[in-house]
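# Report on the structure
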Amino acid sequence: SSGINAEYGVITEYGVLPMGSQTVHETAPHVKSIMIAGPHGTGKRMLVNAICSELGANLIDLTAENICGRYPGKAGLTMLLHLVMKVGKLLQPTVVYIGNAEKTFVKKVPKNDMSDPKRLKKELPKIIKKLSPEDRILFVGTSLTPWDADVKSLCQCYQKIVLIPRPDYASRFLLFKELILRNGGRLAPTLDLSSLAKISDGYTPGHIITAVKHVLTERRVQQLHRKPLTALEFVTPLARIDPIYKEEEEQFKKWYSKTPLGKKRAKLKAEEEEGEGGGKGKSAKGGKKKGKGKKKKKKK
C-alpha cells in the first residue's frame, strides 16, 4: 500500500491542504490543476469525491458528455466558462471535474464520439492560467488512456499528474475484509482472507466490489448462520473479470516517463543513485582536472 499511500499523499498535499485554508492557499505553492490517471476501477472518480467531501467543496462537472449540446457556439462556451468561474469563486472552495481528461487534447477524435471532446481545448488552459492564489478553485481531471492525448498540451493544462496503481496485497486484504463486513457478511474461520488477497493480484477495488456484491446477495446473507463464507465463493465471480495485466500497468509507467514530471522524477532518481554510489570517485576526478588546469596556467 506504500505506492498507493504515496499517491494519496500527493493529492492531500497539493489538492486538499491548500484548498482547505485560505492562508495556506495564498502562501503555499499554487497548484491549480491535477490529473489522476490509472486503469479502470482503481477509484479515480472516488478520489475526486473524497477531495470534495474532505473540503466541503462544490463540484462542477465539465466532462465533455455533460456539457454536450449546452451553451452552443463560441459565445455559448464563453458564457459557460464565465458562469463556472463566477459561481466557483462565489461558492469556493470549488472543484471543477473533467472526466476522460485526455479527450480534450486527443490526437484524433473517433468518428462515433459525438460529445465534441475538444471543445475546451483552447479555453481550458487559459482559464486555469488566470486563477490567482486568492481563488480556491481546483481543476481535477481523470484519465483511463492518457496516451491518447498530446503529451505537451495535456501537461501544460495539468500541473500535477498522479498515477493510481493497482492495489497491493495489504490493500486487497483490507478491501475484502471491509467490503464483506459492509455488505452484511461475517468473518469466519472458513474464510481465508489471506489466500483471497493473494489470488486477487491484478484486480482493482472496482473488481473486488463487484465480486463481493455478487456473492453477498440478500439470500446468501440470510444463510450465513448455518453456511459460513468461504474464499472459494469469491473466486468464481473474479474469474469472470479480466484483471489489470502488467502490460497495461507498464503502459501507464511508460507514458508517465515521457511527461515533464516523469522526466524530472527520473533525473532526480538518477542523481540520488549517483550520489550514493560514486560521489567520492567524482570528486577525485574533479580534483585531477583542477590540477591539470593549474599546471597549464603555470606554463603560460
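Coordinates for the structure precede this section.
Below, the structure is looked at part by part. Per-chain numbering applies: the sequence of each chain, read as written, is numbered from 1 onward. The predicted nature of this model means local features are confined to residues of pLDDT at least 70 and side-chain atom pairs, given and counted, to a pLDDT of 80 or more, with totals for whole chains, interfaces and linings taken over all residues. Note that water and hydrogens are dropped before the side-chain values are worked out from all heavy atoms of the structure.

Let's shift gears to the pattern of salt bridges. Take a side-chain nitrogen of Lys or Arg and a carboxyl oxygen of Asp or Glu: if they are within 4 Å of each other, that pair is a salt bridge. Enumeration over the complete set of coordinates arrives at seven salt bridges. Its salt-bridge partner being K103, residue E65 comes within 3.1 Å of it at the nearest N-O pair. With E65 in helix α4 (residues 64-67) and K103 in the loop between β3 (94-98) and α6 (123-130), this residue pair connects regions lying 38 residues apart in the sequence. A helix here means a DSSP run of H or I that spans at least four residues, while a strand means a run of E at least two residues long, and both kinds are numbered starting from the N terminus.

What makes a nonpolar core is a set of buried Ala, Val, Leu, Ile, Met, Phe, Trp, Tyr and Cys residues whose side-chain atoms join them at distances within 4.5 Å. Any residue under 20% of the maximum accessible area for its type is buried, any over 50% is exposed, and the rest in between are partly exposed; the area is computed with a 1.4 Å probe on protein chains only. Counting residues in each nonpolar core, the largest one holds 31 residues, and the members touching the most others are M35, L62, L124, F139 and Y158. Of all the secondary-structure elements, those providing two or more residues to this core are β1 (33-37), α5 (73-90), β3, α6, β4 (137-143), α7 (151-157), β5 (160-163) and α13 (246-257). In this structure, M35 is in contact with A101, G141, S143, P146, L154, Y158, K160, I161, V162 and W255, ignoring residues within four places of it in sequence. Every residue pair with non-hydrogen atoms within 4.5 Å of one another is taken to be in contact.

A few words on the environment of L80. Summarising the element assignment, L80 is placed in helix α5. Relative accessible area serves as the criterion here: at 9%, L80 is assigned to the buried category. Between the C-alpha atom of L80 and that of R70, which follows or precedes it by 10 residues, the distance is 8.5 Å. Discounting chain neighbours no more than four positions away, the residues touching L80 are L62, I67 and Y71.

Once that is clear, we can look at the pairing of β1. Where burial is concerned, most of β1 is hidden: five out of the five residues are buried. Side chains of β1 alternate between two faces, with S33, M35 and A37 and I34 and I36 buried alike. Two strands pair when backbone bridges link them, and β1 and β4 are joined in this way by five bridges, in the parallel orientation. Across the sheet, the residue bridging to M35 is G141, located in β4. In this structure, β1 lies alongside β5, joined through four bridges in parallel fashion. Bridge assignment links I36 to a residue of β5, and that residue is V162. By the convention used here, strands pair only if DSSP detects at least 2 bridges between them.

Take the sheet that holds β4 next. Spatially, the five strands line up as an open sheet ordered β2-β3-β4-β1-β5, and their pairing is parallel. If you trace the sheet from one side to the other, it starts and ends with β2 (58-61) and β5, each paired once. Direction aside, the axes of adjacent strands within the sheet are offset by 25° on average. The pairing of β3 with β4 spans five bridges and is parallel. Looking at the pairing, V95 lines up with L138 of β4. Axis lines are fitted to C-alpha atoms, over the contacting stretch for helices. Their N-to-C directions set the angle, which ranges from 0 to 180 degrees.

The next thing to look at is the packing of helix α8 (residues 169-182) against helix α10 (residues 205-215). Running from N to C, α8 and α10 point in directions that differ by 35°, and their axes come no closer than 10 Å. Seen along the crossing, α8 lies across α10 with a hand that is right-handed. Facing R172, L175, F176, L179 and I180 of α8, the residues of α10 in contact are P205, I208, I209 and V212. Of the residues contributing to the contact of α8 with α10, the split by class is eight nonpolar, no polar and one charged. Note on convention: the crossing is left-handed when the near helix lies turned anticlockwise from the far helix by less than a right angle, right-handed when the turn is clockwise. Under the convention adopted here, Pro, Cys and the residues Ala, Val, Leu, Ile, Met, Phe, Trp and Tyr are nonpolar, Asp, Glu, Lys and Arg are charged, and Gly plus all remaining residues are polar.

Along the chain, R166 turns up in the loop between β5 and α8. As used in this structure description, the phrase polar contact means that two N or O atoms lie within 3.5 Å; if the pair is within protein, one of them must be able to donate a hydrogen and the other to accept it, and residues adjacent in sequence are counted only when both atoms belong to side chains. Among the polar contacts listed, one links the side chain of R166 to the backbone oxygen of I244, at a separation of 2.9 Å. A distance of 3.0 Å separates a polar atom in the side chain of R166 from a polar atom in the side chain of E249.

Attention now goes to the packing of aromatic side chains. Only Phe, Tyr and Trp rings are paired, with Trp represented by its six-membered ring, and only when their centres lie within 6.5 Å; those with planes under 30 degrees apart are stacked, over 60 edge-to-face, the remainder tilted. Taken as a whole, this structure holds three aromatic pairs when the rule is applied. Measuring from ring centre to ring centre gives 4.7 Å for W147 and F252, while their planes differ by 70°; the resulting arrangement is edge-to-face. Within this pair, whereas W147 is found in the loop between β4 and α7, its partner F252 is found in helix α13, the two being separated by 105 residues in sequence. Residue class for F252 comes out buried when judged on its relative accessible area of 4%. Whether a charge sits over a ring comes down to the Lys NZ or Arg CZ being within 6 Å of the ring centre and within 35 degrees of the ring normal. Its end group placed over the ring of Y97, R45 keeps NZ or CZ at 4.3 Å from the ring centre.

Put simply, Q92 and P93 share a cis peptide bond, and its omega is 5°. Within the chain, Y71 stands out as a residue other than glycine whose phi angle is a positive 45°. Within the fold, Y71 resides in the loop between α4 and α5. Given a relative accessible area of 37%, Y71 falls into the partly exposed group.

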